[in-house]
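Chain by chain, the residues run as shown.
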Amino acid sequence: MSGTAPARKDALLSRRYIEGQIAEGKHVLIFDNRVLKVDSWIKFHPGGDKSIKHMVGRDATDEINALHSKEARQRMLAFQIGRIQGPWLNFLPPIQGGKFRTFDEKAGATEDDDTSGQSQPPSPIFDAIDAAPRARRQSASSETSLSSHASEALEPRPSFLDARTRKEIDFDTAKYPSLDTKTQEDIKQRYRELNKRIEAEGLYNCNYFSYLIEASRYSLLAGLAYFFLRLRWYSISAFFLGCFWHQLVFSAHDAGHIGITHNYQVDSTIGMIIADYLGGLSLGWWKRSHNVHHIVTNEPEHDPDIEHMPFFAISHRFFDNLRSTYYDRVMDFDAFSQVMLKYQHYLYYPILLFGRFNLYRLSWEYLLLGQAPKKGPAWWHRWFEIVGQTFFWTWFGYGVLYCSIPTWSSRILYLLISHAVTAPVHVQITLSHFAMSTADLGIHESFPQKMLRTTMDVDCPTWLDFFHGGLQFQAIHHLYPRIPRHNLRRTQKLVLDFCRDTGIPYALFTFTDGNKEVISRLGDVAKQLRILEECRKSCAEQGVFTEHH
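Residues numbered from 1 in each chain as written. Predicted model: local features only at pLDDT ≥ 70, side-chain atom pairs only at ≥ 80, totals over all residues. Heavy atoms only, no water.

## With respect to the sheet that holds strand β2 (residues 34-37)
Rule in force here: We treat two strands as partners when DSSP finds at least two bridges between them. Put simply, DSSP marks the helices as runs of H or I at least four residues long and the strands as runs of E at least two long, and each gets a number from the N terminus on. Here the axes come from fitting lines to C-alpha atoms, over the contacting stretch only for helices, and the angles between their N-to-C directions go from 0 to 180 degrees. We call two residues in contact when some of their heavy atoms are within 4.5 Å.
Across the sheet, which stays open at both edges, the 3 strands sit in the order β1-β2-β3 with antiparallel pairing between neighbours. Two strands in the sheet have a free side with no partner beyond their single neighbour: β1 (28-31) and β3 (80-83). Adjacent strand axes in the sheet meet at a mean angle of 30° when their direction is disregarded. The pairing of β2 with β3 spans 3 bridges and is antiparallel. Residue pairing in the sheet places Val35 in a bridge with Gly82 of β3. Packed onto the sheet, helix α1 (residues 15-23) meets β1 and β2 and runs at close to 135° relative to β1.

Right under this line is the structure:
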């Protein structure tokens with residue numbers, strides 16, 4: 001096979017050629033044995049550039065199929081530059097610290113075409129503290145260096161943190177199927193076969209009657225909020241307005257996943273009307289953040305949905321001043337963080353009562369700082385959302401708070417009650433991930449295994465589905481994000497069969513037990529922080545870390 005640049009889209013490309021393209025800064029990924037170079041599309045991608053960057057150098061077939069419609073997948077083929085043969089062994093993407101060698105076209109096929117697939121060991125921290133697999137580290141170093149948190153692991157630090165990392169990885173590798181290529185390829189194949197069963201049973205089809213029922217519920221809650229506002233029963237009005245917002249989130253979530261009409265522009269418009277005009281939150285911000293979350297779920301350095309420093313840390317790895325690749329900043333483990341994290345299990349519910357205010361901040365940053373796409377199919381969304389934000393604060397901020405409520409004390413109380421009532425949504429979302437694994441099992445773990453390892457479902461009776469809004473089936477939703485949430489309960493049986501066949505544990509807790517798991521995880525991390533402080537205090541007193549260390 002020639003190593004020169006291919007002239008046709010169906011030309012077979014060598015691994016070294018693809019690596020060289022990435023070394024030159026190209027955004028190259030694998031989809032269904034096709035090599036896609038998406039540099040000309042990345043700035044137009046409605047879901048932002050970060051989600052694409054996490055797939056560079058990887059087989060993104062399952063992620064693309066899960067998050068995109070058939071029409072969108074067909075349009076992607078325009079970016080095809082070649083093909084590969086056989087299973088692809090992933091590289092570590094540059095955004096995650098992967099290093100790549102340039103390709104010498106003159107050398108061509110004579111240049112070493114390393115097929116080890118190991119752009120990084122399964123866990124950089126684990127390898128850093130384990131002297132046994134030294135040969136594996138040496139072979140991996142030919143393709144990439146350790147990621148940033150791995151290099152930090154080589155600096156003087158309390159050994160119990162490294163031991164904790166080792167323990168978490170050992171626990172997951174023992175509990176979940178092997179990471180060898182044969183096992184993971186079998187899981188991928190079964191996952192794709194399950195998708196065909198889901199399609200055959202019509203579970204991707206939206207039940208519009210369910211939305212009629214929900215629209216009636218929304219109207220009732222909004223009507224009650226207005227009715228009690230006119231009666232000057234402000235606290236009760238605020239309660240029903242909060243319930244209205246709480247319920248709206250579920251439909252906005254469906255629209256963001258293009259799960260209502262399955263038409264991108266129509267669902268996006270529905271979502272923006274619900275989120276921005278009625279709720280004051282940016283759907284575009286949510287999609288940009290949420291797409292990344294669906295790809296790098298529960299990875300402390302990459303998943304924005306678990307990056308809540310200085311208020312919460314669900315892993316001891318946040319004690320290392322990790323750099324967020326999503327926010328492009330260091331999550332400082334400063335004095336304020338140390339105080340807050342020691343009591344995070346007590347502050348969990350009080351902080352979530354005010355979670356909506358943080359969503360306002362993130363929405364405004366997205367819209368005002370120009371993070372939204374400026375070209376492509378979503379070019380107009382930013383302006384539509386800015387109008388929506390103006391509309392929201394006109395009807396709510398001016399019309400309700402200022403004009404309809406006479407005193408500042410009543411206005412503040414109305415604001416706090418209406419926003420605190422939405423807290424169950426924040427509990428629901430964090431519940432599904434905070435207690436689950438944050439261990440780094442490496443780049444060769446299949447998409448379905450990773451989703452089931454990092455996400456839990458909540459068991460509840462059918463009549464209570466309206467309260468959870470379908471988000472209690474987060475593990476199933478992460479496997480197939482485009483399934484309308486009203487069909488997730490029916491999908492559960494098929495996923496249970498898949499888990500039994502593959503040996504992947506399916507995490508299912510009651511709402512009460514799930515909350516206990518989250519509080520326990522937060523308390524455990526707080527305990528680790530106290531141990532860390534004792535270690536550092538002891539080391540300082542005894543002078544353990546000398547220049548020689």
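There is more to say, and it comes next.
## Some details on the packing of aromatic side chains
Put simply, the test is: Aromatic rings from Phe, Tyr and Trp, taking only the six-membered ring of Trp, are treated as a pair when their centres fall within 6.5 Å; an angle between ring planes under 30 degrees marks them as stacked, one over 60 as edge-to-face, and anything in between as tilted. For the exposure calls, accessible area comes from a 1.4 Å probe over protein chains only, and a residue counts as buried if that area is under 20% of its type's maximum, exposed if over 50%, partly exposed in between. A positively charged side chain is recorded as over a ring if its NZ (Lys) or CZ (Arg) lies within 6 Å of the ring centre. The angle to the ring normal must also be within 35 degrees.
Applying the stated criterion to the full structure yields 36 aromatic pairs. Pairing Tyr360 with Trp364 gives two aromatic rings, centres 6.0 Å apart and planes at 10°, and the pair type is stacked. With a gap of 4 residues between them, Tyr360 and Trp364 both fall in helix α17 (residues 355-368), about one helical turn apart. The exposure class of Tyr360 is buried, given its relative accessible area of 2%. Taking the centre distance of 6.3 Å and the plane angle of 45° together, the rings of Tyr360 and Phe392 count as tilted. With Tyr360 in helix α17 and Phe392 in helix α18 (residues 381-402), the pair connects residues that are 32 residues apart, well separated along the chain. Given the relative accessible area of 0%, Phe392 is considered buried. Taken together through their ring pairs, the aromatic side chains of Trp245, Phe354, Phe357, Tyr360, Trp364, Phe392, Trp393, Trp395 and Phe396 make up a single cluster. Note that Arg15 overlies the ring of Phe91, its terminal NZ or CZ placed 4.0 Å from the centroid.

## Some words on the nonpolar core
The criterion, for reference: For the purposes of this section, nonpolar cores are sets of buried Ala, Val, Leu, Ile, Met, Phe, Trp, Tyr and Cys residues that join through side-chain atoms within 4.5 Å.
In terms of nonpolar packing, the biggest core is built from 49 residues, with Leu29, Leu241, Phe244, Trp245, Trp285, Phe396 and Tyr414 touching the most fellow members. Listing elements by their share of this core, those giving two or more residues are β1, α11 (208-230), α12 (234-256), α13 (264-278), α14 (283-295), α17 and α18. Per element, the largest residue contribution to this core is 9 residues, and it comes from α12. Other than its neighbours up to four places away in sequence, Trp285 contacts Tyr326, Leu359, Leu362, Ser363 and Tyr366. In terms of nonpolar packing, the next biggest core, distinct from the first, is built from 27 residues, Met309, Leu341, Met436 and Ala507 among them.

## Quick word on unusual backbone geometry
In this structure, the amide linkage connecting Met309 to the following residue, Pro310, adopts the cis form with an omega of 10°. Relative to the helices and strands, Pro310 resides in the loop between α14 and β4 (323-324). With a phi close to 55°, Asp328 is a non-glycine residue in the positive phi region. Structurally, Asp328 can be placed in the loop between β4 and β5 (329-330).

## A look at the side chain of Thr165
Applicable threshold: Here a polar contact is taken to be a pair of N or O atoms separated by no more than 3.5 Å, where protein atoms must pair a possible hydrogen donor with a possible acceptor and residues adjacent in sequence count only if both atoms sit in side chains.
Among the secondary structure elements, Thr165 is positioned in helix α9 (residues 159-175). You can call Thr165 buried: its relative accessible area is 6%. Among the polar contacts made by the side chain of Thr165, one reaches the side chain of His316 at a distance of 2.7 Å.

## A closer look at the packing of helix α15 (residues 335-342) against helix α25 (residues 511-542)
As a reminder, the rule being used: When describing relative orientation, an angle under 35 degrees is termed roughly parallel and one over 145 degrees roughly antiparallel, while 65 to 115 degrees is termed roughly perpendicular and anything else oblique. Crossing handedness: left-handed means the near helix sits turned counterclockwise from the far one by under a right angle, and right-handed means the same turn made clockwise.
Interhelical geometry of α15 versus α25 gives an angle of 130° and a closest axis separation of 8 Å. Our classification of the angle between α15 and α25 gives oblique. Considering only the axes of α15 and α25, their crossing is left-handed. Every residue of α25 that contacts α15 at Gln338, Leu341 and Lys342 is listed here: Ala526, Leu529, Arg530 and Glu533.

## Examining the side chain of His246
With respect to the helices and strands, His246 occurs in helix α12. If near-sequence neighbours (up to four positions away) are discounted, His246 is found in contact with Thr422, Pro424, Val425 and Phe467.

## Let's talk about the confidence of the model for the protein chain
Convention followed: The predictor's confidence in any single residue is recorded as pLDDT, a number from 0 to 100.
This prediction gives the protein chain a mean pLDDT of 87; 87% of its residues lie at or above 70. Between residues 1-6, whose pLDDT stays under 50, and residues either more than four places distant or in other chains, the model counts 14 contacts. Overall, residues 115-155 carries pLDDT values under 50, and its contacts beyond four positions in sequence, including any with other chains, amount to 86 contacts.

## A word on the packing of helix α10 (residues 181-200) against helix α21 (residues 447-454)
To keep things clear, this is the line we draw: Note on residue classes: Ala, Val, Leu, Ile, Met, Phe, Trp, Tyr, Cys and Pro are nonpolar, Asp, Glu, Lys and Arg are charged, and everything else, Gly too, is polar.
Interhelical geometry of α10 versus α21 gives an angle of 85° and a closest axis separation of 8 Å. By the angle between their axes, α10 is roughly perpendicular relative to α21. Packed against α10, whose contacting residues are Gln184, Ile187 and Tyr191, the element α21 presents Phe447, Pro448 and Gln449 at the interface. Counted by class, the contact of α10 with α21 contains 4 nonpolar, 2 polar and no charged residues.

## Quick notes on the pattern of salt bridges
Close approach of charged atoms allows side chains of opposite charge to pair. Defined as follows: Within this document, salt bridges are pairs made up of a side-chain nitrogen of Lys or Arg and a carboxyl oxygen of Asp or Glu, the two lying within 4 Å of each other.
Considering all chains together, one arrives at 22 salt bridges under this definition. Ionic pairing is found between Arg453 and Asp172, a salt bridge with its closest N-O pair at 3.0 Å. Taken together, the residues span a long stretch of sequence, with Arg453 in helix α21 and Asp172 in helix α9 at a distance of 281 residues. Of the charged contacts in the structure, one is a salt bridge between Glu533 and Lys342, with a shortest N-O distance of 3.6 Å. With Glu533 in helix α25 and Lys342 in helix α15, the pair connects residues that are 191 residues apart, well separated along the chain. Judged by relative accessible area, which is 27%, Glu533 ranks as partly exposed. Beyond isolated ion pairs, a larger network of salt bridges with shared partners links Arg16, Glu19 and Arg101.

## Quick word on the pairing of β2
Summarising the sheet, β1 and β2 pair through 4 bridges and their orientation is antiparallel. Within the sheet, the bridge partner assigned to Val28 lies in β2 and is Lys37. Connecting β1 to the next strand, β2, in antiparallel fashion are 2 residues, including Asp32 with a positive phi near 55°.

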